[in-house]
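The chain contents come next:
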Amino acid sequence: MDEIVIFKNKTPALLECVEALCRMSGERLSGFCCRVLEFMVEGQKNIKPLFSESEEKSLAKKLKKENVQSVVDVVEYIFEQFAYHSVTKDSMEAALKDIGVTEEGVQSFIEAWAAGGMRQHCEKKKVQIKKKKKEK
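Residues numbered from 1 in each chain as written. Predicted model: local features only at pLDDT ≥ 70, side-chain atom pairs only at ≥ 80, totals over all residues. Heavy atoms only, no water.

## Comments concerning the overall build of the chain
A tally of helices and strands in the chain yields 7 helices and 0 strands. Tracing the chain from N to C terminus, the helices and strands come up as α-α-α-α-α-α-α. Burial statistics for the chain: of 136 residues in total, 38% are counted as buried. Long-range contacts, defined here as pairs at least 24 residues apart, represent 73% of the contacts in the chain between residues at least 6 apart. (Helix = DSSP H or I, 4+ residues; strand = E, 2+ residues; numbered from the N terminus. Buried < 20%, exposed > 50% of the residue type's maximum accessible area, 1.4 Å probe, protein only. Contact = heavy atoms within 4.5 Å.)

Rendered as structure tokens:
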């Protein structure tokens, strides 16, 4: 079976944001990913801010030239691609390494994915979609 290529277009913006993410410690990156994933799963993105003002300032210093929102968007994109392709842990690891995520960063993404219950969330959505199609 052919391996799924999740990130076909490795744009400079994607790679710059990945580089910025890799400058975070594993613990900080894990927390960042968990927070983004939590907001995605709970659908809170447009309801309340993802980070407090002080957290955002701290992140902005850590990320240097990259915009915090751009990095958040990239993390969301990565998780959305994982959900869309229903990736396994091994595929997730390979895809992250393919775009330049460090080993520590890979583990942070995988931990956030597992902790965030994204797999269960995706399965629920699939069941809801199938149910709606049957009702039509």
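## Considerations on the layout of surface pockets
Here the second largest pocket is characterised by a volume of approximately 180 Å³. The wall of the second largest pocket is formed by 11 residues, among which Pro49, Leu50, Phe51, Gln69 and Val72 lie closest to the centre. Top contributing element to the lining of the second largest pocket by residue count: helix H4 (residues 68-85), with 4 residues. Here the lining of the second largest pocket is built from residues that sort into 6 nonpolar, 1 polar and 4 charged. (1 Å grid on protein atoms, 1.4 Å probe; cavity = no way out; pocket = protein on both sides within 12 Å on 5 of 7 lines; lining within 4 Å. Points joined across faces, edges and corners; volume = space filled by probe spheres on them. Nonpolar A, V, L, I, M, F, W, Y, C, P; charged D, E, K, R; others polar.)

## Examining the nonpolar core
Judged by nonpolar contacts, the single largest core of 38 residues is most densely connected at Phe32, Phe79, Phe82, Leu96 and Phe109. Of all the secondary-structure elements, those providing two or more residues to this core are helix H1 (12-22), helix H2 (26-42), helix H3 (53-63), H4, helix H5 (89-98) and helix H6 (103-115). A total of 9 residues in this core trace back to one element, the largest contributor, which is H4. What phenylalanine 109 contacts, discounting residues up to four positions off in sequence, is Leu21, Leu29, Cys33, Val75, Ile78, Phe79, Leu96 and Val101. (Core = buried A, V, L, I, M, F, W, Y, C linked by side-chain atoms within 4.5 Å.)

## Looking at the side chain of serine 30
Here serine 30 shows up in helix H2. Judged by relative accessible area, serine 30 falls into the buried class, the value being 12%. Residues contacting serine 30, with those up to four places away along its chain left out, are Ser108, Glu111 and Ala112.

## A look at the confidence of the model for the chain
Across the chain, the average pLDDT comes to 81, with 79% of residues at or above 70. Element-level pLDDT for the chain is lowest in helix H7 (residues 118-135), with a mean of 64, against a maximum mean of 91 in H5. (pLDDT = per-residue confidence, 0-100.)

## Here's the deal with the pattern of salt bridges
Under the defined criterion, the tally for this structure stands at 6 salt bridges. The salt bridge partner of aspartate 98 is lysine 10, with a shortest N-O separation of 3.1 Å. Highlighted residues: aspartate 98 in helix H5 and lysine 10 in the segment before H1, separated in sequence by 88 residues. Lysine 10 sits in the partly exposed class, given a relative accessible area of 37%. Between lysine 97 and glutamate 103 there is a salt bridge, with the nearest N and O atoms lying 3.1 Å from each other. With a relative accessible area of 41%, lysine 97 lands in the partly exposed category. (Salt bridge = Lys/Arg side-chain N within 4 Å of Asp/Glu carboxyl O.)

## A closer look at the packing of H4 against H6
Between H4 and H6, the least distance of the axes is 12 Å, while the angle of their chain directions is 65°. With respect to the hand of their crossing, H4 and H6 are arranged in right-handed fashion. Taking contact as the criterion, the partners of Val75, Ile78, Phe79, Phe82 and Ala83 in H4 are, on H6, Phe109, Ala112 and Trp113. For the contact of H4 with H6, a count of residues per class yields 8 nonpolar, no polar and no charged. (Axes fitted to C-alpha atoms, helices over the stretch in contact; angles between N-to-C directions. Left-handed = near helix turned anticlockwise from the far one by under 90°.)

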